[in-house]
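Tertiary structure, described
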Amino acid sequence: MSDRIADIYGARTPHTKGTVWPARVDQFLDPGVDEGSVDSWVQSACLLCSNGCGVDIAVKDGRMVGVRGRATDVVNHGRLGPKGLYGSTRWANSGDRLTRPLVREGGRLVETDWETAMGRIVDRSKSILDAKGPLSHGFYTSGQLFLEEYYALAVIGKAGIGTPHMDGNTRLCTATSAAAFKESFGADGQPGSYTDIEHCDAVFLYGHNMPETQTVLWARILDRTRGDDPPRIVCVDPRRTLVAMEAERTGGVHLAPRVGTNLALMNGLTRELLVNGWVDQDWVAAHTLGLEDLRSTVEPYTPEHVGDICGVAADDVRRAARIFGESEAVLSTVLQGFYQSHQATAASVAVHNLHLLRGMLGRPGAGILQMNGQPTAQNNRECGADGDLPGFRNWDNPHHVQQLADAWDVDAMTIPHWAPPTHAMQIFSYAETGSIGLLWISATNPAVSMPESARIRRILEGDQCFVVVQDLFLTETAELADVVLPAAGWGEKTGCFTNVNRTVHLSEKAVDPPGEAKSDLDIFLMYADRMGFTNRSGEPLLGWRTAEEAFDAWAAITAGRPVDYTGLSYDRLRGPTGIPWPVNDEHPDGTDRLYAEAVFPTDTDYCETYGHDLITGGTVTEQEHRAMRPAGRAFLKGAPYTPPHEEPSADFPLRYTTGRTVYQFHTRTKTGRSGDLNRAAPDAWVEISPTDADARGIAEGDWVRVESPRGAIEVRARVGEVMEGAVFAPFHYGHWEPAAADGGGHDDANHRLANELTMTVWDPVSKQPAFKTAACQVTRLRASDGPAPAPTTGASAPAERDGARRRRPRPTQGGGPTTSTTLAETPTYPLDPACGAS
Amino acid sequence: MPHLTTYIGLADHSEQTLADSFRTVAEGHARAADVFHTCRLLASWSDEHRTALAPIIERYGEADVDEPERLHAAGLAESRDGDVGLLRDLQDLHVLATLVQTTWTVIAQGAQGLRDHELLNVATRSNAQTARQLTWLNTRMKAAAPQVLIVAP
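So, here is what we can say about the structure in this document. The structure presented is a predicted model; accordingly, all values stated were derived computationally and were not measured. (Residues numbered from 1 in each chain as written. Chains lettered and ligands numbered in written order. Predicted model: local features only at pLDDT ≥ 70, side-chain atom pairs only at ≥ 80, totals over all residues. Heavy atoms only, no water.)

**Quick notes on the sheet that holds strand 1 (residues 2-3) of chain A**
Residues and elements named next belong to chain A. Pairing within the open sheet is antiparallel, and its six strands lie in the order 1-29-2-5-4-3. Looking along the sheet, the strands with just one partner apiece sit at the ends: strand 1 and strand 3 (40-45). For strand 4 (residues 54-60) and strand 5 (residues 63-69), the ladder comprises six bridges, and the chain directions are antiparallel. Counted as the bridge partner of Asp56 is Arg68 from strand 5. (Pairing = 2+ DSSP bridges. Helix = DSSP H or I, 4+ residues; strand = E, 2+ residues; numbered from the N terminus.)

**With respect to the pattern of salt bridges**
Residue and element names in this part refer to chain A. Counted according to the given criterion, the structure contains 67 salt bridges over all chains. Residue Arg97 pairs with Glu492 through a salt bridge whose shortest N-O separation is 2.9 Å. Within this pair, whereas Arg97 is found in the loop between helix 1 (82-87) and strand 6 (102-105), its partner Glu492 is found in the loop between strand 18 (483-486) and strand 19 (495-498), the two being separated by 395 residues in sequence. Residue classification places Glu492 among the buried positions, given a relative accessible area of 4%. (Salt bridge = Lys/Arg side-chain N within 4 Å of Asp/Glu carboxyl O. Buried < 20%, exposed > 50% of the residue type's maximum accessible area, 1.4 Å probe, protein only.)

**Considering the pairing of strand 6 of chain A**
All names here are of chain A. Pairing geometry for strand 6 and strand 7 (residues 108-111), over four bridges, is antiparallel. By the bridge assignment, Val103 is partnered in strand 7 with Val110. Between strand 6 and strand 7, which pair antiparallel in sequence order, lie two residues; one of them, Gly106, sits at a positive phi of approximately 55°. Examined bridge by bridge, strand 6 and strand 18 share two bridges and lie antiparallel to one another. Looking across to strand 18, one finds that Leu102 is bridged to Val484.

**Describing the nonpolar core**
Residues Tyr206, Tyr656 and Val706 of chain A are the most contacted members of the largest nonpolar core, which totals 192 residues. If you tally residues by element for this core, the top one is helix 4 (residues 82-114) of chain B, at 11 residues. Membership of the second largest hydrophobic core comes to 67 residues, among which are Leu147, Ala528, Trp544 and Ala547 of chain A. (Core = buried A, V, L, I, M, F, W, Y, C linked by side-chain atoms within 4.5 Å.)

**Re the packing of helix 2 (residues 33-60) of chain B against helix 4 of chain B**
Residues and elements named next belong to chain B. Between helix 2 and helix 4, the least distance of the axes is 13 Å, while the angle of their chain directions is 25°. When the axes of helix 2 and helix 4 are compared, the pair comes out roughly parallel. Every pair of crossing elements has a handedness; the one defined by helix 2 and helix 4 is left-handed. Facing Val35, Cys39, His49, Leu53 and Tyr60 of helix 2, the residues of helix 4 in contact are Leu86, Leu93, Trp104 and Leu114. For the contact of helix 2 with helix 4, a count of residues per class yields eight nonpolar, one polar and no charged. (Axes fitted to C-alpha atoms, helices over the stretch in contact; angles between N-to-C directions. Parallel < 35°, antiparallel > 145°, perpendicular 65-115°, else oblique. Left-handed = near helix turned anticlockwise from the far one by under 90°. Contact = heavy atoms within 4.5 Å. Nonpolar A, V, L, I, M, F, W, Y, C, P; charged D, E, K, R; others polar.)

Next up, the structure:
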């Protein structure tokens, strides 16, 4: 029995380079439920991070009572992390689920029936369409719905209404991943695979605190670094995370650049490869474009110059570059430290450049994982609920638009393609002025997660825009809506989703949703029916009635595109493991890694985008793209470093960065309702370095005020491992408080929201907002009666050198008992190079 | 070379006008965060072009032209209001940037004739940067136009 709050990764199963990752089955059942009394196990995959672990849901007496990892799944080989174990099912049985629709009457939300609620939406929708046309409608969705639901929403938005104003909270978390792929390779699509971990000589983690964001993937890396012939770890992060410590342990490097200076560092690493001749000249000549421009762009970034900009040692830049340059196979992973920071797309593209220069793509161990934050973010991008066109089609290519028009049997002019899709921040700006008069928000909580929260609240509660929210609970966002629709969640509906490395899983319905809650798919179909959306033949635009029919419709329109699902069906997905796309006649069993032949989807007629100026976001035209004759070659694109939009000043001398803890997910809608998880990180805090704390007379646990030009929070201080000059705040905590039994009941709930301080500013290409570059000041308010409520297990641990003088918090622990069983015989995993697949 | 110096003067003045106008639009539409930041960045590019041109002005002199009204485009002294105003301001910037770009094209021709490598280099680089300014303006106008033309309040 192990406490997976204290022991986040479980027991090690170390193994040697090139051998298969052993299987270990992790299981958690609610207290009082023993394995023998479980009525059934229902196939699914975990929805509490982007890793996409295969899982079976335990059902007893019509309730979800626990989970078990699937030993045969290629993603997790049976393992689950703390969020998956403790957080997957508890929310479903929570007493405060939404069970009936709500409508606003006299300023208050009151319960009603579906007829009334949907009637109100449809009336408003039709009247605004009549008055102002399709650009009056906006849809803001999630990274946590199912593929079928995004596709239904995409068809409604693009072919039913015809609005370009569709996006998801994926804009906040994964937009840069997609944008970077498009710029380098011509289309979205993860080149690498998790199986690269077994074969690499080095792992570079760029702004990616994997031990807290994808714990099972980190366990997979630990099983290499603690085994024979381990890879070296290189960590780029301003905090001393567990990744940084593993870098120190394996003879790698921890580079801690000043917040907002990632691109300068990347330019320095690129220059080192070039000047040291760590370049595969023949491969670069055959498969890339743009080498000479890149060379001149990075030329000024000597290690010393980079050291000055980033505050890192010049020799550390040299050492990191040497590890990259001299390894046979490097795996790179990237996440929010790059995506949510300054010059996000350019810095992420620079990771691709390093791999392209060394020809390190498309073979085991040589991979790139531009990570996602959410479990189904990938599907939002694929299906086009984020504004892109379904199937990685190019909105600027009339032939691609016509393919969709033919598939949907609508006029191509209906499909909004005359301008780039409207990104989330712009959608909210239009809603702010009333230019968008109906905003439909599904499965996300922008009142907590978007930057500059005070502004977002104003937009949602104003009369200028009618707001529909569908969710599991009355979130901080739902409280401000005009209509609230109760949605079924994971395990209460059927659908598919796709993880970071393209692996598609089917998640079956295990139990009925509570009360009158409906699946998001059924809600969207109900709206489409009531609106009477039809195609040119007069048939219903969304002809399908079930999730499986929606899946098949989706698969059909992916034919011939990079994201090819045509070989997949619900029957295929009911097998032992998820299957990575493309799955088609050429690859009937799926595809472990892309670009094995070094042919990239950059052909002008095939690509998803013609590309952008990485500094301004200006679009490359079709003619300009065609003139470059990319023809399957990848782009080497560079950009000079520019300083962040807000630099520290006399009034705001510190750099503010937001982030996450391992025990909470997003705005805690699910994890906050698991006592095991919530008690481990029950309330907000802020991390400050010992030096900055001393200068302000701040001791561990003191209440402090953190202020930026936009707002302030008052929380307790953790004197921690963040670099000097930087301040870290977790973004999970809005004003909602869990039940006291789950560790709720804090009285700082109205002044702890990290996004009060962040800026409204975004990357010019990916349009991802910058959550990691603002200036702030921290001042001491008063002492408290204990340490900060921050976990001690991960990057939020108290500073080591601070220990002698100050009180030490108690170690984070106290998760319920879970079991972990290492299998004597490891299953054979299809496509896994360590199992003999090639 | 009276007319070359006239055009060098025109480049200097019109880049100054463009930079000032970018800054005016940035401040006037600061609520549009990307407009605010990008316009300030693009203004700094025009500043850099003038800095690069400065040693050449030292060499050739800068003609204080007799007919400024024929060669100087007026900048944006103030920005317009609202979404429609933004679209119009971006259009004005595009007109100014086009004048700048054609000026560099003309100067590059002169530099070729004179075999003046330094001037040719400055004109070519500045021209390429101006093209990027124009591309962004086009992209931003295209994104803003549908909403402005059809539903802006």
